[in-house]
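# Close look at the chain arrangement
If you want the building blocks of each chain, they are given just below.
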Amino acid sequence: MAKSLHGYIVCLATCVLWGCGTTTVEDSIHLSTNVLQLAVGESQMLTAVATTDVTWQSEDSSIARVEDGLVTAIGVGKTLITVTAGKAQAVCQVYVVSARGSTLALPKAYMQVDKGTVQLMEVISMYDVPLTWTSTDTTVAIVDEEGWLHALHPGHTTITVSNGAESASCYLAVRHKWGEYELVWTDEFDGTELDRTSWNVEVNGNGGGNNELQYYTDRPVNLRVESGNLIIEARRENYGGRQYTSARINTMGKRTFLYGKIEARIMFPSGGGTWPAFWMMGNDYGRVGWPACGETDIVEHIGNEPQLVSHALHYPYKSGGNCWSTRQYHEGVENQYHIYGIEWLQEEEYGRDMIRFLYDGKVHATQSETLENMDDEYYWPFNKENFLLLNMAIGGSMGGKVNDAIFNQPVQMKVDWIRVYQRKEID
């Protein structure tokens, strides 16, 4: 029985290899790829799996030549590489582009479209070469195989087209669509006490990191709510080793905001040495510190420059004396109410966050992310929750020399109200 089975297997193997009766083995061949994309001067190996010896041939050896499966790109164009095994053949389409990087381009380096946009992407391609498209964020936009752009969701992405040897890219932003501003939080200061559920009161004499001269207290003489105003009053007095007192409050951990319109109606005092401010910092201040948290000075005033309205941004790339800032000058800044604010806008233009500084409702200045450093917190940390601050410093690096005669009458910063508006995104 075993001997008979062994003979059958040998016979079957012989029939398969050499033919047995009417049994034949058809020639077959399989290539490792059917499409190659090369630049002039490049080479790539094609592998053929066949039932017999193979021969190679290029339809146009001035474009690509082949030797034992090694394809070498010679000139720009396309050609067919044919491999033959007996009666079987397989082909590989070879596309060759310039090695100089000048055969493929997108006409626009930046694009901005609305959600739902479907349009054919323009591309400059000098040769008839298959193109592939990719998107760094396919939730924002994609380009299909035929080159049609589909804008799916607000945000930004980079679209890249490639011919296998060269590539070209376009930065694409899909616009947000917003509703109207709605009031989300306000403090009208209409009561008789500061709302401690919203505000923290700082008590220290550390000079605010700016060599300021005051000691911040939680005493009614420095901080109180009366007659529909928050009053921050600076005084000349010896307290805690300092010659002046004042107040500073913040909403850290209690009232934080991400984007929106933020405004306050404020009256600044007059007098050399005063330095009142309405500002914001990132709510991660306690974890990452300053300036990594980011600081937005919605408004600062300097008593030694009575007409000054100053706005500034501090962040790791630009902080302290090197911060981004702008100064405007107006009559009647001191001892009169004005509305100071910002519009803090998400991906407002070409996917960039933007901050507009407002004075009595008019845009004073604008600053935004740069396209080169998008979403890099070293250059722009203003894309996270922030808390609000109000204070009046005395002296220091910006307040300058103090004129003690100003304390012959009350030196008060008055805040009528603070209001925060936000808007919802429309689908």
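Structure's up top.
Notes on the structure in this doc start here. (Residues numbered from 1 in each chain as written. Predicted model: local features only at pLDDT ≥ 70, side-chain atom pairs only at ≥ 80, totals over all residues. Heavy atoms only, no water.)

Looking only at helices and strands, the protein features three helices and 36 strands. Taking 22 Å as the expected radius of gyration for a compact globule of 427 residues, we find that the protein reaches 36 Å, considerably beyond that expectation. Reported as C-alpha extents along the three principal axes, the dimensions of the protein are approximately 120 × 60 × 40 Å. Buried positions account for 46% of the 427 residues belonging to the protein. Accessible surface computed for the protein: about 21400 Å², of which carbon and sulfur atoms make up 48%. Distance between charge centres in the protein, computed from 32 positive and 53 negative side chains, equals 7 Å. (Helix = DSSP H or I, 4+ residues; strand = E, 2+ residues; numbered from the N terminus. Rg over C-alpha atoms; globule rule 2.2 N^0.38 Å. Buried < 20%, exposed > 50% of the residue type's maximum accessible area, 1.4 Å probe, protein only. Areas by Shrake-Rupley, 256 points an atom, 1.4 Å probe, with all protein chains shown as cover. Lys, Arg positive; Asp, Glu negative; His and termini not counted. Charge placed at Lys NZ, Arg CZ, Asp CG, Glu CD.)

What follows is about a nonpolar patch on the surface. A contiguous nonpolar surface patch, about 280 Å² in accessible area, is contributed by V118, L120 and W148. With respect to the helices, strands and loops of the structure, W148 is situated in strand β16 (residues 148-151). (Patch = residues over 30% accessible without salt bridge, like charges linked within 9 Å, V, L, I, M, F, W, Y side chains within 5 Å. Salt bridge = Lys/Arg side-chain N within 4 Å of Asp/Glu carboxyl O.)

We now examine the pattern of salt bridges. Between side chains of opposite charge, pairing is possible as soon as their charged atoms come close. One pass over the structure, following the stated rule, counts 19 salt bridges. Put simply, E226 and R224 hold a salt bridge, and the shortest N to O gap is 3.3 Å. Judged by its relative accessible area of 35%, E226 is partly exposed. Across the pair R327 and E305 runs a salt bridge, and its minimum N-O distance is 3.0 Å.

Quick look at the side chain of T245 now. Note that T245 resides in strand β24 (residues 242-246). A distance of 2.9 Å separates polar atoms of two side chains, one belonging to T245 and the other to N222. Separated by 2.6 Å, the side chains of T245 and E237 make a polar contact. Those residues in contact with T245 that sit more than four places away from it in its chain are Q214, Y215, T217, R219, N222, E233, A234, R235, E237 and Y239. (Polar contact = N/O pair within 3.5 Å; in protein donor to acceptor, adjacent residues only side chain to side chain. Contact = heavy atoms within 4.5 Å.)

A cis amide bond, omega 10 degrees, links W290 with the succeeding residue P291. Within the element layout of this structure, P291 appears in the loop between α2 (285-288) and β29 (295-302). Despite not being glycine, Y259 shows a phi value in the positive range, around 70 degrees. Of note, Y259 is situated in the loop between β26 (256-257) and β27 (260-267). Assessed through its relative accessible area of 12%, Y259 is described here as buried. Not every positive phi belongs to a glycine, and E347 is a case in point at roughly 45 degrees. With respect to the secondary-structure elements, E347 resides in strand β32 (residues 337-349). Residue class for E347 comes out buried when judged on its relative accessible area of 17%.

Right, let's get into the sheet that holds strand β14 (residues 132-135). Spatially, the four strands line up as an open sheet ordered β11-β18-β17-β14, and their pairing is mixed. Two strands in the sheet have a free side with no partner beyond their single neighbour: β11 (110-114) and β14. For this sheet, the mean angle separating the axes of adjacent strands, direction not counted, is 25 degrees. The sheet contact formed by strand β17 (residues 155-162) and strand β18 (residues 167-175) spans eight bridges and is antiparallel. Directly across from I159, in β18, lies its bridge partner C170. (Pairing = 2+ DSSP bridges. Axes fitted to C-alpha atoms, helices over the stretch in contact; angles between N-to-C directions.)

A sheet is described by the order of its strands in space; here three strands give the open sequence β12-β16-β15, paired in antiparallel fashion. The sheet terminates laterally at β12 (118-120) and β15 (141-143), the two strands that pair on one side only. Here the strands of the sheet are splayed against their neighbours by 20 degrees on average, with no regard to which way each runs. One ladder, built from three bridges, connects β12 with β16; its direction is antiparallel. In the sheet register, V118 faces β16, and the bridge partner there is H150.

Moving on to the state of the cysteines. Taken as a whole and judged by the stated rule, the model has zero disulfides. A disulfide-free cysteine, C323 has its sulfur positioned 14 Å from the sulfur of C293, the nearest such atom. Since its relative accessible area comes to 18%, C323 is described here as buried. (Disulfide = S-S within 2.5 Å.)

Remember that the coordinates give geometry; whether it matters functionally is a separate question.
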